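Coordinate inspection notes
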Amino acid sequence: MAAVDYENLCQSIVKAGSQLLTRRDQCTALCDATELFWNDETGNDAIRVVECLGMAIDSADAVVSGFERTFLYCDIFNRTTTLFELGCNEVASKEVGQLLAISKNLLDEMGPTSKVHAAKKRLARAEKYALNNPELCRSFSLIAPQ
């Protein structure tokens, strides 16, 4: 596929993803769209990756349900750490690192339910993975437990 055609296709996919019916679907589609811009076949465009992640965060921020927002923040954080490990250093930011802390606060405000428990487990896995990688801790301004 010609580079111009690929670029137009990517634009269409991102636009369609950002216009899906639910914020949850928008967030997931925009996280997935980062792969269009960071891959071995077509090259790497960090600016577009960061744009997609920013739109994904905006979509997640608009989700009313706290535990659902926590799941989406974990998805965004996991995608971001994967991209970082693949060499997209531009995704590293204190704001992305703060998604874990925001998620913890959201869950702490909710009562003990099975959904909250599932969200806490998912959050703990993401946090454990990140805290076991000193470079991720540094780049995302995470504080490892002493």
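Above this text you will find the structure in question.
Residues numbered from 1 in each chain as written. Predicted model: local features only at pLDDT ≥ 70, side-chain atom pairs only at ≥ 80, totals over all residues. Heavy atoms only, no water.

**Here we look at the overall build of the chain**
Operational definition: Secondary structure is summarised from DSSP: a helix means a run of H or I of at least four residues, a strand means a run of E of at least two, and numbering begins at the N terminus for each. The size measure is the radius of gyration over C-alpha atoms, and the globule rule it meets is 2.2 Å times the number of residues to the 0.38 power. Throughout, a contact is declared for two residues whenever any of their heavy atoms are within 4.5 Å.
Tallying secondary structure elements over the chain gives seven helices and two strands in all. Its helices and strands in sequence order give the chain the pattern α-α-β-β-α-α-α-α-α, from N to C terminus. Its C-alpha atoms give the chain a radius of gyration of 16 Å, near enough to 15 Å, the size a compact globule of 146 residues would have. Principal axes of the C-alpha set define a box for the chain whose edges measure 50 × 35 × 20 Å. Pairs at least 24 residues apart make up 58% of the contacts formed inside the chain by residues separated by at least 6 positions.

**Focus: the nonpolar core**
As a reminder, the rule being used: Nonpolar cores are built from buried Ala, Val, Leu, Ile, Met, Phe, Trp, Tyr and Cys residues. Side-chain atoms within 4.5 Å join them into one set. Summary of the burial criterion: residues with accessible area below 20% of their type's maximum are buried, those above 50% are exposed, and those between are partly exposed, where the area comes from a 1.4 Å probe applied to protein chains only.
Counting 41 residues, the largest nonpolar core has Val49 and Ile76 as its most contacted members. Listing elements by their share of this core, those giving two or more residues are helix H1 (3-18), helix H2 (23-37), helix H3 (46-61), helix H4 (66-85), helix H5 (94-109), helix H6 (114-131) and helix H7 (134-139). In this structure Ile76 touches Cys27, Cys31, Leu53, Ala56, Ile57, Ala60 and Leu99, once residues within four positions along its chain are discounted.

**Looking at the packing of H2 against H3**
Here is the rule: Each axis is a line fitted through C-alpha atoms, taken for helices only over the stretch in contact, and angles between the N-to-C directions span 0 to 180 degrees. For classification purposes, angles smaller than 35 degrees are called roughly parallel, those larger than 145 roughly antiparallel, those between 65 and 115 roughly perpendicular, and all remaining angles oblique. Side-chain classes are defined by residue name, with Ala, Val, Leu, Ile, Met, Phe, Trp, Tyr, Cys and Pro counting as nonpolar, Asp, Glu, Lys and Arg as charged, and the others, Gly among them, as polar.
Two elements in contact, H2 and H3, have axes whose closest approach is 8 Å; the angle formed by their N-to-C orientations is 170°. As judged from the angle between their axes, H2 and H3 are roughly antiparallel. Where H2 abuts H3, its residues Arg23, Gln26, Cys27, Leu30, Cys31, Ala33, Thr34 and Phe37 lie against Arg48, Val49, Cys52, Leu53, Met55, Ala56, Ser59 and Ala60. The residue makeup of the contact of H2 with H3, split by class, is eleven nonpolar, three polar and two charged.

**Overview of the environment of Cys137**
Its location among the elements puts Cys137 in helix H7. Between the C-alpha atom of Cys137 and that of Glu85, which follows or precedes it by 52 residues, the distance is 12 Å.

**Brief notes about a nonpolar patch on the surface**
The test is simple: Within this analysis, patches are made of residues with over 30% relative accessible area and no salt bridge. Like charges are joined at 9 Å or less; nonpolar side chains (Val, Leu, Ile, Met, Phe, Trp, Tyr) at 5 Å or less. For every accessible area listed, the method is Shrake-Rupley and the probe measures 1.4 Å; residues are considered covered only by the protein chains on display. By definition, a salt bridge exists where a carboxyl oxygen of Asp or Glu is found within 4 Å of a side-chain nitrogen of Lys or Arg.
Taken together, Met1, Leu9 and Ile13 make up a surface patch of nonpolar side chains, about 310 Å² in accessible area. For Leu9, the position within the fold is in helix H1.

**Here we look at H3**
How we decide: Multiplying 1.5 Å by the residue count of a helix minus one yields the expected span of that helix.
Between its terminal C-alpha atoms H3 stretches 22 Å, which fits the 22 Å expected from 16 residues at 1.5 Å a residue. All of the buried residues along H3 are Ala46, Arg48, Val49, Cys52, Leu53, Ala56, Ile57, Ser59 and Ala60. Buried residues along H3 sit against H1, H2, strand E1 (38-39), strand E2 (43-44), H4 and H5.

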